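# Fold and contact review
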Amino acid sequence: MGETRFLMCAPSHYDVDYVINPWMAGNVHRSAKAVAAAQWQQLQGVLAGHARVEQLQPQPGLPDLVFTANAGVVVDDRVVLARFFHPERQGEEPWFQQWFESQGYRVTLLPADLPFEGAGDALLDRSGGWLWAGHGFRSELAAHPLLAEALAVEVLSLRLMDKRFYHLDTCFCPLSDGTLLYYPPAFDFDANRLIETRVPAAKRLVVEEADALAFACNAVNVGRSVILNQASAGLRHQLERRGYDVLETPLSEFLKAGGAAKCLTLRLDEPCPA
Ligand code: ARG
């Protein structure tokens, strides 16, 4: 396995400028710039202790470009780029495309009218070798077969039900040993059944609503480290019992836009599933 790499984008132009998810409502221009900058630096510092962090140049007028998880979904040297559901974020697409092309990735573009929001809605399982893909709010189910084709990977579709958890990565996090950290009420009945058939009970770590609302599932996992905004004592204990180090790094200013640790990063060295 090569070096672990992530893509991040500094919050120089970050703010809550519009409302495209419930977290942003009531928070327009309420995020404190200096605090956001310090929180982002701290996250980057923690991550840099575990991986190489690549930088995407911030762009004026694109406040959500910091959420690089939405750039696309990466498997090996291939990437399927995002098609944003909301016009507010569509201006990000060419910047992500340019970056991936400059790095030599094989880039797949979806039809312009087919919403799909990258690794926000597409997460590789760490043990099984398939891609979990969310739909219902930002990504269209019809995009899923195109992901399977472009990335040569099995895709399992999960329907999201709760608008507070509008991206898969807000409520679902596959960890390195096959443990799944997730919040079941965010998914419909069929999605829950599918999760239960693929992930044995002993590997399912269900989080309480309070942890889910603190974006505990929006975690960055590198090896045995789990980096997140906040975890209750109970959740920390359960993760530690399974051998994980829990690293909390506060991200309150980004929660105001509906994102936290995982949303602010994109894993770039995703190995081809077996
Ligand atoms: N304000 C952004 C949006 O609503 C937040 C994106 C969070 N990203 C994520 N991967 N969950 O699109």
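Heads up: these notes are all about the structure in this document. In this text, all values refer to a predicted model and were calculated from it rather than measured experimentally.

For the coordinates displayed, the defined rule picks out two cavities of 30 Å³ or more. Here the largest cavity is characterised by a volume of approximately 300 Å³. Lining the largest cavity are 23 residues, with Leu123, Arg126, Lys262, Arg267 and Glu270 positioned closest to its centre. Going through the elements one at a time, β3 (72-75), β6 (122-124), β9 (172-174), β12 (220-222) and β15 (266-267) are the ones with two or more residues in the lining of the largest cavity. Here the lining of the largest cavity is composed, by residue class, of 16 nonpolar, two polar and five charged. Counted as a void, the second largest cavity has a volume near 70 Å³. Taken together, 13 residues make up the lining of the second largest cavity; nearest its centre are Phe67, Asn70, Arg89, Tyr166 and Ala257. When grouped by side-chain class, the residues that make up the lining of the second largest cavity number five nonpolar, five polar and three charged.

As a further point, take helix α5 (residues 189-198). Of all the positions in α5, only Ala191, Asn192 and Ile195 are classed as buried. Down the axis of α5, the buried side of the element spans an arc of 100 degrees, and every buried residue falls inside it. Set apart from the buried face of α5 by more than 90 degrees, the exposed residues are Phe189, Asp190 and Thr197. As for α5, its buried residues are in contact with β7 (130-135), β8 (154-159), β9, β10 (180-182) and β11 (204-206). A side-chain oxygen of the first residue of α5 lies 3.3 Å from the backbone nitrogen of Asp190; this N-cap is Asp188.

We now examine the packing of aromatic side chains. Scanning the entire structure with this criterion turns up 12 aromatic pairs. An angle of 70 degrees between the planes, with centres 4.8 Å apart, marks the rings of Trp23 and Phe215 as edge-to-face. One end of the pair, Trp23, is in the loop between β1 (5-9) and α1 (33-48); the other, Phe215, is in the loop between α6 (209-213) and β12, and 192 residues separate them in sequence. Between the aromatic rings of Trp130 and Trp132, the centroid separation amounts to 5.7 Å while the plane-to-plane angle is 80 degrees, which identifies the pairing as edge-to-face. A relative accessible area of 9% places Trp130 in the buried class. Taken together through their ring pairs, the aromatic side chains of Trp130, Trp132, Phe172, Tyr182 and Phe187 make up a single cluster. Sitting over the face of the ring of Phe189, Arg193 holds its NZ or CZ atom 4.3 Å from the ring centroid. Geometry around Tyr244 places Arg224 over its ring, the cationic atom sitting 4.6 Å from the centre.

The rules behind these values
Residues numbered from 1 in each chain as written. Predicted model: local features only at pLDDT ≥ 70, side-chain atom pairs only at ≥ 80, totals over all residues. Heavy atoms only, no water. 1 Å grid on protein atoms, 1.4 Å probe; cavity = no way out; pocket = protein on both sides within 12 Å on 5 of 7 lines; lining within 4 Å. Points joined across faces, edges and corners; volume = space filled by probe spheres on them. Helix = DSSP H or I, 4+ residues; strand = E, 2+ residues; numbered from the N terminus. Nonpolar A, V, L, I, M, F, W, Y, C, P; charged D, E, K, R; others polar. Buried < 20%, exposed > 50% of the residue type's maximum accessible area, 1.4 Å probe, protein only. Arc of directions from axis to C-beta. Contact = heavy atoms within 4.5 Å. Polar contact = N/O pair within 3.5 Å; in protein donor to acceptor, adjacent residues only side chain to side chain. Phe/Tyr/Trp six-rings, centres within 6.5 Å; stacked < 30°, edge-to-face > 60°. Lys NZ or Arg CZ within 6 Å of the ring centre and 35° of its normal.

None of the figures reported here should be taken as evidence of function without further support.
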